[in-house]
Structures are given as structure tokens and as C-alpha cells.
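Listed below are the residues making up each chain.
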Amino acid sequence: MKQNEFVTACEDKLLRLFDFSISETVPVKSFEGHTAKIYNVVYSPVLPNIVASGSDDKTIRIWRIDQSSSPISICGGE
């Protein structure tokens, strides 16, 4: 992950990747997969470009922000 990048967790069920070195207001990429509000997102402290998100859909999804906009793993759910 680049120094100027960050990911937001949103009520609209999307994660968004921003890169301030390119644009301050337009996301570089959006990630779809959750079916309810996303409340948390955390970067992996040891694996670059990996983030996890937690949602009201009772899942934790693992994403590679440098590749696909689909989750690479889904944990939990009903």
C-alpha cells in the first residue's frame, strides 16, 4: 500500500480506496460485497495491500486493494 492511500468504510455497503497523490475527493476504486452497513476497516500490519472489513451483515471480508474489487475471503455470515 502506498503512503498516500487510505480506505473508508461506508454506510452504503462499499469500501472506497482513496489516493491523495492523485485526487483528494474521488476514490481510486470501490469494493462491493457487503450486504449491510460497514462499520470497520483495518489494514494488515504484516501483509501489504490487505484490508479487512466488518459489517452489519455479520461477515468479515478480506480484500486485496491492489487487485480485484471482490473480497478474497469471507468469514462468518448466516
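Just so it is clear, the model here is predicted, and its values are computed rather than measured.

## Notes on the overall build of the protein chain
Counting secondary structure elements, the protein chain contains zero helices and seven strands. Walking the protein chain from its N terminus toward its C terminus, one meets helices and strands in the order β-β-β-β-β-β-β. Over its C-alpha trace the protein chain gives a radius of gyration of 12 Å, about what one expects of a compact globule, namely 12 Å for 78 residues. Along the longest, intermediate and shortest principal axes, the C-alpha atoms of the protein chain span 40 × 25 × 20 Å. Residues counted as buried form 33% of the 78 residues belonging to the protein chain. Put simply, 29% of the contacts in the protein chain that link residues at least 6 apart link residues at least 24 apart. Within the structure as shown, the protein chain displays about 4900 Å² of accessible surface, and the carbon and sulfur contribution to it stands at 53%. Computing the positive centroid from 8 side-chain charges and the negative centroid from 10, the protein chain places the two 4 Å apart.

## Side note on the environment of S30
Mapped onto the elements of the fold, S30 is located in strand β3 (residues 29-31). A sequence separation of 33 residues divides S30 from W63, and the C-alpha atoms of the two residues are 11 Å apart. Once residues lying within four places of it in the same chain are set aside, the contact partners of S30 are L15, R16 and S69.

## What about the sheet that holds strand β6 (residues 59-64)?
Pairing within the open sheet is antiparallel, and its four strands lie in the order β4-β5-β6-β7. Strand pairing shows two members of the sheet lacking a second neighbour, β4 (38-43) and β7 (73-76), which therefore form its edges. Neighbour-to-neighbour, the strand axes of the sheet open up by a mean angle of 20°, direction not taken into account. Bridge count between β4 and strand β5 (residues 50-55): five bridges; the pairing is antiparallel. Bridge pairing links V42 to A52 in β5.

## Describing the environment of S70
Residue position: S70 is located in the loop between β6 and β7. Discounting chain neighbours no more than four positions away, the residues touching S70 are E32 and W63.

## Structural notes on the sheet that holds β3
If you walk across this open sheet you meet the three strands as β1-β2-β3, and the pairing is antiparallel. Where the open sheet ends on each side, the last strands, each with one partner, are β1 (5-9) and β3. Direction aside, the axes of adjacent strands within the sheet are offset by 20° on average.

## Looking at the pairing of β6
Burial along β6 is one-sided: the face carrying T59, R61 and W63 is buried and the face carrying I60, I62 and R64 is not. Pairing analysis gives five bridges linking β5 to β6, with the strands arranged antiparallel. In the strand pairing of β6, G54 is matched with I60. Following β5, the chain reverses through three residues before pairing antiparallel with β6; K58 in that reversal takes a positive phi of roughly 65°. Here four bridges tie β6 to β7, and the two strands are oriented antiparallel to one another.

The rules behind each value
- All residue numbers refer to position in the chain's written sequence, counted from 1.
- In keeping with the model being predicted, local features are shown solely for residues with a pLDDT of at least 70 and side-chain atom pairs are shown and tallied solely at 80 or more, while totals for entire chains, interfaces and linings include all residues.
- Based on all heavy atoms of the structure, the side-chain values leave hydrogens and waters out of the count.
- Segments assigned H or I by DSSP are reported as helices when at least four residues long, segments assigned E as strands when at least two residues long, and all are numbered from the N terminus.
- Atoms considered for the radius of gyration are the C-alpha atoms alone. The globule rule reads 2.2 Å times the number of residues to the power 0.38.
- A simple rule labels every residue: compare its accessible area, found with a 1.4 Å probe on the protein chains alone, to the largest value its type can have, and call it buried under 20%, exposed over 50%, or partly exposed in between.
- Should any heavy atoms of two residues lie within 4.5 Å, those residues are considered in contact.
- The method behind every accessible area is Shrake-Rupley, applied with a 1.4 Å probe, and residues are considered shielded solely by the protein chains displayed.
- Note on charges: Lys and Arg go in the positive column, Asp and Glu in the negative column, and His and the chain ends are not counted at all.
- Lys charges are placed at NZ, Arg charges at CZ, Asp charges at CG and Glu charges at CD.
- Two strands pair if DSSP finds at least two bridges between them.
- In this analysis an axis means a line fitted to C-alpha atoms, helices contributing only their contacting stretch, and an angle means the value between N-to-C directions, from 0 to 180 degrees.

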